[in-house]
Each structure stands twice: as C-alpha cells, then as structure tokens.
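For reference, the chains in residue letters:
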Amino acid sequence: MRPKHPGLMMRGYFTDDLLLMMPLADRPGVRLHGEALSAHRGPLIDALTEEARRSSEVVVDLVGVRFLANSVLEALVLLAVRLAPPQRLLLRAGAELALRERVTAAGWDRIDTLHLVDG
C-alpha cells in the first residue's frame, strides 16, 4: 500500500494519509503514528539526520505505529551504523512490531549505536 499523496513536510513534521511524524517535545527525535512504509523513509531519515547533528541520542518513538516496513527498519539501522559513539539511535516500540525479534534475526543487535526500548 502506498500513500496517495506525497505528504506535507515541515521541520521534523510529516503527514500523509497513512503516517503522522512529529518532533518529540522533551528530547531530540520523532514520534510516529500510523503505518510507516517504504515511501516514508526519506522524510524520516531527513528529520533524524538533522537531530543527529545536534545530539548524542536520537529517539524514534514507534509506539503509535501499527505497521513498520522492513525497508524503514533497514533505513533506521543504516542511520544508526553511521553514528559515531557515544551517539546512538534509540527505538521505542510496542511488542506488536516485534522489533527485538526482527533486529536480532538480522544480526543488528550487535550494533553499538542502536538501542531498543520496550514501549
């Protein structure tokens, strides 16, 4: 399923028919709601790259996400790999996304700059 419209993007904000992304109020990062598809990788990585330039920890809150495409997860992992310790990407998600299992199955659990937190 693809978004019907390319979406609206403002600094840290993005919205289309399937996904809402907004900056976190209390720390660097973004909160997502809805379905994160391959077409959403660009806006997500743009927002996170900007945050990573200014912070040692960037948070992606996925608790409101019903579906996370593998391509989006791969893009997040690639961003984490590009970070230099002590920087890190922290992914917060509910059990329904099976993030821990997906990350472990791909061998990404050994990436020092990628951290998972249960939502």
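Numbering of residues starts from 1 in every chain and runs along the sequence as written. Reporting in this predicted model follows two pLDDT cut-offs: at least 70 for local features of residues, and 80 or more for side-chain atom pairs to be given and counted; totals over whole chains, interfaces and linings ignore these cut-offs and use all residues. To obtain the side-chain values, all non-hydrogen atoms of the structure were used and water was disregarded.

**Q** I tried to follow the overall build of the protein chain on my own but got confused; where do I start?
**A** When helices and strands are tallied, the protein chain shows 3 helices and 7 strands. Dimensions of the protein chain along its principal axes, counting C-alpha atoms only, are 35 × 30 × 20 Å. Classification of residues uses two cut-offs on accessible area relative to the type maximum, computed with a 1.4 Å probe and protein chains only: under 20% is buried, over 50% is exposed, and between them is partly exposed. Looking at the protein chain residue by residue over its 119 residues, the buried ones come to 45%. Put simply, 62% of the contacts in the protein chain that link residues at least 6 apart link residues at least 24 apart. We get accessible surface area from the Shrake-Rupley algorithm with a probe of 1.4 Å; when it comes to residues, only the shown protein chains can shield them. For the protein chain, the accessible area works out to roughly 6600 Å², and carbon and sulfur atoms hold 53% of it. Only runs of H or I of at least four residues qualify as helices and only runs of E of at least two qualify as strands under DSSP, and these elements are numbered from the N terminus. We call two residues in contact whenever any of their non-hydrogen atoms come within 4.5 Å of each other.

**Q** Help me understand the packing of helix α1 (residues 41–54) against helix α2 (residues 70–82) in this model?
**A** The description of two helices packed together rests on the angle between their axes and the distance between the axes. The angle between two axes is taken between their N-to-C directions and runs from 0 to 180 degrees, where each axis is a line fitted to C-alpha atoms and a helix contributes only its stretch in contact. At a minimum axis distance of 10 Å, the contact between α1 and α2 shows a crossing angle of 25°. It follows that α1 is roughly parallel to α2 by the angle criterion. Remark: the crossing between α1 and α2 carries right-handed chirality. Within the contact between the two elements, α1 uses Arg41, Leu44, Ile45, Leu48 and Thr49 and α2 uses Ser71, Val72, Ala75, Leu76 and Leu79. When residues are sorted by character, Ala, Val, Leu, Ile, Met, Phe, Trp, Tyr, Cys and Pro go into the nonpolar class, Asp, Glu, Lys and Arg into the charged class, and all the rest, Gly among them, into the polar class. The residue makeup of the contact of α1 with α2, split by class, is 7 nonpolar, 2 polar and 1 charged. What sets the label is the angle itself: under 35 degrees gives roughly parallel, over 145 gives roughly antiparallel, 65 to 115 gives roughly perpendicular, and the rest give oblique. Crossing handedness follows the turn of the near helix against the far one: under a right angle anticlockwise gives a left-handed crossing, and clockwise gives a right-handed one.

**Q** I keep staring at the nonpolar core and nothing clicks. Help me out?
**A** The nonpolar side chains of a soluble globular protein tend to be buried with one another. Of all hydrophobic cores here, the largest spans 32 residues; its most connected members are Leu32, Val60, Leu62, Leu68, Leu89 and Leu91. Non-local contacts of valine 60, meaning those with residues more than four positions away in its chain, are made with Val30, Leu32, Leu48, Leu76, Leu89, Leu90, Leu91 and Arg92. Here, the term nonpolar core denotes a set of buried Ala, Val, Leu, Ile, Met, Phe, Trp, Tyr and Cys residues that are joined through side-chain atoms within 4.5 Å.

**Q** I tried to follow the pairing of strand β5 (residues 57–68) on my own but got confused; where do I start?
**A** A regular strand places its side chains so that they alternate between the two faces of the sheet. A pair of strands is labelled paired if DSSP reports no fewer than 2 bridges between them. With 7 bridges connecting them, strand β4 (residues 29–36) and β5 associate as parallel partners. Following the sheet pairing, arginine 31 is matched in β5 by aspartate 61. The β-α-β motif built from β4, the intervening α1 and the parallel element β5 has right-handed crossover chirality. Strand direction decides the pairing type here: β5 and strand β6 (residues 88–93), joined by 5 bridges, are parallel. By the bridge assignment for β6, valine 58 is matched with leucine 89. Handedness is read with the strands pointing away from the viewer; a crossover is right-handed when the path from the first strand over the helix to the second is clockwise.

**Q** Just checking my understanding: could you explain the environment of threonine 15 for this structure?
**A** Structurally, threonine 15 is set in strand β2 (residues 13–15). Taking the relative accessible area as the measure of exposure, threonine 15 reaches 32% and is therefore partly exposed. The spacing of threonine 15 and histidine 33 is 18 residues in sequence and 9.5 Å in space, taken between C-alpha atoms.

**Q** What am I meant to see in the environment of alanine 39 here?
**A** Along the chain, the position of alanine 39 falls in the loop between β4 and α1. As for alanine 39 and glutamine 87, which are separated by 48 residues in sequence, their C-alpha atoms are 26 Å apart.

**Q** Honestly, the pairing of strand β3 (residues 19–23) in this entry has me stumped. Any pointers?
**A** Across 2 bridges, β2 lies against β3 in antiparallel orientation. Looking at β3, one finds that threonine 15 is bridged to leucine 20. Turn length for the β2-β3 hairpin, with the two strands adjacent in sequence and antiparallel, is 3 residues. Relative to β4, β3 is paired through 5 bridges, and the arrangement is antiparallel. Residue pairing across strands places leucine 20 opposite histidine 33, the latter belonging to β4.

Interpretation in functional terms is not warranted from these geometric data alone.
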